[in-house]
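# Commentary on secondary and tertiary structure
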Amino acid sequence: MLELLVRFLPDFLSGLLVNFQIAICALLGGMLLGAPLAAARFHNGLAATPAAWLVALLRTVPTFVVMFFMVNVVPDFQLGQRHFAMTPWLAVVASLTLYAAAYVSDHAVEAMRQLRSGSPVAAMLFVMGLVRAFFVMVLSSGFGAAVGVVEATTVTLRTIETLPKAGDRLLLIGVVIVIFTACFQLIYHLINHWRGKLNQRFHRPVQAARLEGAEQP
Amino acid sequence: MRMCSVEKSGPAMRAMVAICRLLVLGSMLLLGFSAAAQDTRPPQQAPAAQATTTAPTKGKNCDDAVDVLSRVLCTKTLRVGVRTGYPPFAFEDAAGALQGFEIDLAHQLAGSLGVEPVLVVVTPANRLALLGEGRVDLVIATMGHTLQRDREALFVRPHYYQSQTIVLGRKDLQIGGLVKLRGNTVCVTVGNSTNAELSVNGARLKLFDKASSLVDELRLGGCSLVAQDDSFFASYLQQPAFAEAYDSKFGFAPLPWGVAVARDGGERLADVLALSMQQLHISGALQALAKKHGVDSPFLAQQHRLWSSSQCAQISALNDPACVTAPLDNQLQPTSFAPLVDRLEHFIYRATGTRVTLAMFKTWVALDLLLEGVWFSLLLVMGAVLATWGFALAFGAGLTSQRRWLRVAMRCVLWPMQSTPLILLMILAGVVVGAMGATSPLVALAAAVLVLGLFNGSNAGQAVAEAMLTLREERAPAQPALSAAVYRARAQMVAFVVNATRGSPAASVMGVPELLAALTDVASFSSERITTYTFLLIFYMVLVAVVHKLANVWQSRLALSGGAYA
């Protein structure tokens, strides 16, 4: 098992890098799409209702199914001079972008309202929420394993398949879960720590609305 | 051109070759006379047809011949539709010349007729159309002989090759057979009829447009197992590096390959070619040709023995079911209302201009998969919602329990749930279920419900626990009820219940036959993906919207009766 781990870990880490790349791209895409939607909803103009409808639609989007839909249905497309093929990687980014857009829109509207009512902490907590959403998307990018993106889960799955004994398979998955848990709990605790600091700095009541919570897409 | 020739053949083989040539020429003469006797064409065409069998001359009259054999003999050319880019069967060499098993076979058959072959490159998409339009005289283009293709072309029997679908993967993977595929992901090309067999046996299918993508994915690690015709992998398995890393696990669905001629006017050519093919099998020339190109197979050895036997070595044996291989019937049984579905598709097209193909309603296999998928999806979502709810309460209570060990135990479960990709948890559950020897879809469903419930319920439970802690701070020293914490954390509860619904299709990775898995299977053999995946997306979006609505109704009712909790 030790020998296997020595071979497995470098591949796993390079796979994890792909997860981070996907999450970064999806979050950037989500901000580009979500920010105008949030602005439209916040300013209550003509575009407010269609924007609200669009965000409501985005909230119902099942990321996993959208990913399959994009891989199988969306044809190659041209953007300016560049030709894009709907690769599995792009499909995962696009499907997570939809989730991120709804998240950014919802939370940006709330942050803008709080800012208008004179509470800068909510706006700052929005940034913290984005950081948390980013890590949630790192985990969710594991869905890419189902469509052929070679990321951390795919690497794990590929190694598991080579192990004939169920015990070894469980052990390897256990190791991976421990790695994920150690890394991500550390990150979550850091986020919570900063959140606490922000609360203290701006005297925010403990039971105030927790904007920064992000569920998995 | 040599006919029935074998490299390095002995005296016995040379005698056989001579006999075979005599037989083919004799039969051509017989067919020529019988054609003249049975000719029912207009008087102005009859002399041309006679000219083809007696004194062949090239010219306009040759091209006017309705009978393909007459035209071939008249023009002294045989236009053969062949593929390219499919080594070692047909491919271009460095000089751009066509090479391969089928190319050599085309030369052999043209030689048996005493004419020059003219090779016309065809594709799987246009080979039958070109044959029907008379732009080629015959097709030797890796074409499997199926009952369905019998309607479009006349297949020469005996067949010249037989392929089968093989499941290929890395050498370190142990896959015993078709029934051992349950739960494994197999990469396939869309439209392959054998995909239905894989999905019926519980394999999860990943779809690709081109066969070459399968090899790319295999090398990149995106696919562990791929299924495709063994003829496609023949050239790859001849490469030492590829053969070192991958091997064929097993094969299924044998498919005989046939030389095809046009249904209209191709009958006599088919008869003559059948005789040539019989002699190629008897003499072993076909097997030698296959060996030369590295595609020898047990089928060719078996055909050599069969056609050399006393029963099948006769001309009359060419119609004997005991000698000729039957075509494959890969037609899926249509539903009783398939014509109605066709009419509906036409109606939608006329009304909207959009082509919709409702493949899931057209065959019983697809419909069964669809209904099973819908049923499992509904069960999965209901189970996931209830489990999320139940685990949220359990985690809410456990994380705020007075007992320290319970709080620690709950945290030990909560942390991995918050930090591990859902899909990895699904895979873990799949391994556990597999280790227990349970392969039933219902067991997989139960495990998936458990994972979805734990994953979302633990997060929702944390929200409930946090709400409970703030309530305790506010109401100390009174002990607030769990229901009050649930009321306070209701928005998070709704969010995670909806989240469980959205995440439920991920259960397909552990073998739950829900709608995503079912429709992927349907798409794999129906070749239709746009309508199928659009239907799937709409189904899940509606399902999420319904659960969202119901959860909001619950939240509103809770708010109305909020006084009781708060």
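Residues numbered from 1 in each chain as written. Chains lettered and ligands numbered in written order. Predicted model: local features only at pLDDT ≥ 70, side-chain atom pairs only at ≥ 80, totals over all residues. Heavy atoms only, no water.

## Concerning the overall build of chain A
- Looking only at helices and strands, chain A features seven helices and two strands.
- Along chain A, helices (α) and strands (β) appear in the sequence α-α-α-β-β-α-α-α-α when read from the amino end.
- The principal-axis extents of the C-alpha atoms in chain A amount to approximately 60 × 45 × 30 Å.
- In chain A, the proportion of contacts linking residues at least 24 apart, taken out of those at least 6 apart, comes to 78%.
- Carbon and sulfur atoms make up 68% of the accessible area of chain A, which totals about 10,000 Å². (Helix = DSSP H or I, 4+ residues; strand = E, 2+ residues; numbered from the N terminus. Contact = heavy atoms within 4.5 Å. Areas by Shrake-Rupley, 256 points an atom, 1.4 Å probe, with all protein chains shown as cover.)

## Some thoughts on the nonpolar core
- Counting 148 residues, the largest nonpolar core has F64 and F180 of chain A together with L181, V186, L198, M426 and Y533 of chain B as the members making the most contacts within it.
- In terms of residue count, helix 4 (residues 88-116) of chain A provides more of this core than any other element does, 15 residues in total.
- L154, Y160, C312 and C323 of chain B belong to the second-largest nonpolar core, a separate cluster that totals 66 residues. (Core = buried A, V, L, I, M, F, W, Y, C linked by side-chain atoms within 4.5 Å. Buried < 20%, exposed > 50% of the residue type's maximum accessible area, 1.4 Å probe, protein only.)

## Here we look at the pairing of strand 10 (residues 246-261) of chain B
Residues and elements named next belong to chain B.
- In terms of burial, strand 10 is a largely internal element, twelve of the 16 residues being buried.
- Bridge analysis of strand 6 (residues 154-170) against strand 10 gives twelve bridges, and the strand direction is antiparallel. Across the sheet, the residue bridging to S163 is L255, located in strand 10. (Pairing = 2+ DSSP bridges.)

## A word on the packing of aromatic side chains
Residue and element names in this part refer to chain B.
- Counted under the stated rule, the structure contains 30 aromatic pairs over all chains.
- Taking the ring centre of Y349 as reference, the NZ or CZ of R355 above it sits at 4.0 Å.
- Its end group placed over the ring of Y487, R490 keeps NZ or CZ at 4.2 Å from the ring centre. (Phe/Tyr/Trp six-rings, centres within 6.5 Å; stacked < 30°, edge-to-face > 60°. Lys NZ or Arg CZ within 6 Å of the ring centre and 35° of its normal.)

## Considerations on the interface of chain B and chain A
- Contact with chain B, which involves 50 residues of that partner, is made by 46 residues of chain A.
- Carbon and sulfur atoms make up 68% of the area that chain B and chain A hide from each other, which totals about 4,400 Å².
- A per-residue breakdown of the area chain B buries against chain A is headed by S419, L424 and R502 of chain B, which together make up 14% of the total.
- Inspection of the chain B/chain A interface yields zero salt bridges.
- Between chain B and chain A we count eight residue pairs in polar contact (both at pLDDT 80 or more) in total.
- Breaking the side of chain B that touches chain A down by element, the ones donating at least two residues are strand 8 (204-208), helix 9 (211-220), helix 17 (404-419), helix 18 (422-435), helix 19 (441-475), helix 21 (490-503) and helix 23 (530-560) of chain B.
- Taken together, the residues of the side of chain B that touches chain A sort by class into 31 nonpolar, eleven polar and eight charged. (Buried area = accessible area lost by both parts, 1.4 Å probe. Salt bridge = Lys/Arg side-chain N within 4 Å of Asp/Glu carboxyl O. Polar contact = N/O pair within 3.5 Å; in protein donor to acceptor, adjacent residues only side chain to side chain. Nonpolar A, V, L, I, M, F, W, Y, C, P; charged D, E, K, R; others polar.)

## Description of the pattern of salt bridges
Residue and element names in this part refer to chain B.
- Here the structure, examined in full by the defined rule, presents 13 salt bridges over all chains.
- Here R268 and D67 are joined by a salt bridge, their closest N and O atoms 2.3 Å apart. Here the residue R268 occupies a position in helix 12 (residues 267-283), and D67 occupies one in the loop between helix 3 (60-64) and helix 4 (68-75), the gap between them amounting to 201 residues. Neither residue differs from the other here; R268 and D67 are each classed as buried.

## Some points on the side chain of T156 of chain A
- In this structure, T156 of chain A sits in helix 6 (residues 152-162).
- Within the structure, the side chain of T156 of chain A is placed 2.8 Å from the backbone oxygen of A152 of chain A, a separation counted as a polar contact.
- With sequence-adjacent residues up to four places away left out, T156 of chain A is seen in contact with F8, F12, L172 and V176 of chain A together with L424 of chain B.

## A closer look at helix 5 (residues 101-113) of chain B
Residue and element names in this part refer to chain B.
- When the terminal C-alpha atoms of helix 5 are compared, their 19 Å separation across 13 residues agrees well with the 18 Å that a helix rising 1.5 Å per residue should span.
- Buried residues dominate helix 5, accounting for twelve of its 13 residues.
- The set of residues buried in helix 5 consists of F101, E102, I103, D104, L105, A106, Q108, L109, A110, G111, S112 and L113. (Expected span 1.5 Å × (residues − 1).)

## Here's the deal with the environment of A260 of chain B
All names here are of chain B.
- Its location among the elements puts A260 in strand 10.
- Its relative accessible area of 0% is what places A260 among the buried residues.
- In this structure the C-alpha to C-alpha distance between A260 and L482, which are 222 residues apart in sequence, comes to 76 Å.
- Apart from residues no more than four positions distant in its own chain, A260 is found in contact with L131, D137, L138, V139, M143, A153, L154 and F155.

## What to know about the confidence of the model for chain A
Residue and element names in this part refer to chain A.
- When pLDDT is averaged along chain A, the result is 84; 91% of the residues meet or exceed 70.
- Here strand 1 (residues 77-79) stands out as the element of chain A with the lowest mean pLDDT, 76, in contrast to helix 1 (residues 2-42), whose mean of 92 is the highest.
- This stretch, residues 205-213, has a pLDDT under 50; its non-local contacts, to residues over four places away or in other chains, come to 21 contacts. (pLDDT = per-residue confidence, 0-100.)

## Thoughts on the pairing of strand 8 of chain B
Residue and element names in this part refer to chain B.
- A large share of strand 8 lies buried, amounting to five of its five residues.
- Side chains R204, K206 and F208 project from strand 8 onto one buried face, and the interleaved L205 and L207 project onto a second face that is buried too.
- The pairing of strand 7 (residues 185-189) with strand 8 spans five bridges and is classified as parallel. Residue V188 lies in a different strand from strand 8, and its bridge partner there is L207.
- As for the winding sense of the linkage, the β-α-β connection from strand 7 through helix 8 (residues 195-200) to strand 8 is right-handed. (Right-handed = clockwise from strand over helix to strand, strands pointing away.)

## A few points about the environment of L78 of chain B
Residue and element names in this part refer to chain B.
- Relative to the helices and strands, L78 is located in strand 1 (residues 77-82).
- Taking the C-alpha atoms as reference points, L78 and V68, separated by ten residues in sequence, lie 9.5 Å from one another.
- Residues within four places of L78 in sequence aside, it is in contact with V72, L109, A110, L113, V115, E116, P117, V118, D137 and L138.

## Some details on the state of the cysteines
- Counted under the stated rule, the structure contains one disulfide over all chains.
- There is a disulfide in this structure between C312 of chain B and C323 of chain B, and the S-S distance comes to 1.9 Å. Because the sign of the S-S torsion sets the handedness, a value of about -85° for the bond joining C312 of chain B and C323 of chain B places this disulfide among the left-handed ones. Of the two residues, C312 of chain B is situated in the loop between helix 14 (298-308) and helix 15 (338-352) and C323 of chain B in the loop between helix 14 and helix 15; the sequence distance between them amounts to eleven residues.
- Free of any disulfide, C412 of chain B has its nearest neighbouring cysteine sulfur in C183 of chain A, separated by 17 Å. (Disulfide = S-S within 2.5 Å.)

## What about the packing of helix 1 of chain A against helix 4 of chain A?
Residue and element names in this part refer to chain A.
- Between helix 1 and helix 4, the least distance of the axes is 5 Å, while the angle of their chain directions is 45°. The orientation of helix 1 with respect to helix 4, classified from their angle, is oblique. As for the relative orientation of helix 1 and helix 4, their crossing is right-handed in sense.
- Counted by class, the contact of helix 1 with helix 4 contains 23 nonpolar, six polar and four charged residues. (Axes fitted to C-alpha atoms, helices over the stretch in contact; angles between N-to-C directions. Parallel < 35°, antiparallel > 145°, perpendicular 65-115°, else oblique. Left-handed = near helix turned anticlockwise from the far one by under 90°.)

## Remarks on the environment of A397 of chain B
Residues and elements named next belong to chain B.
- Here A397 shows up in helix 16 (residues 364-399).
- Residue class for A397 comes out partly exposed when judged on its relative accessible area of 34%.
- For the pair A397 and D264, spaced 133 residues apart in sequence, the C-alpha to C-alpha distance is 79 Å.

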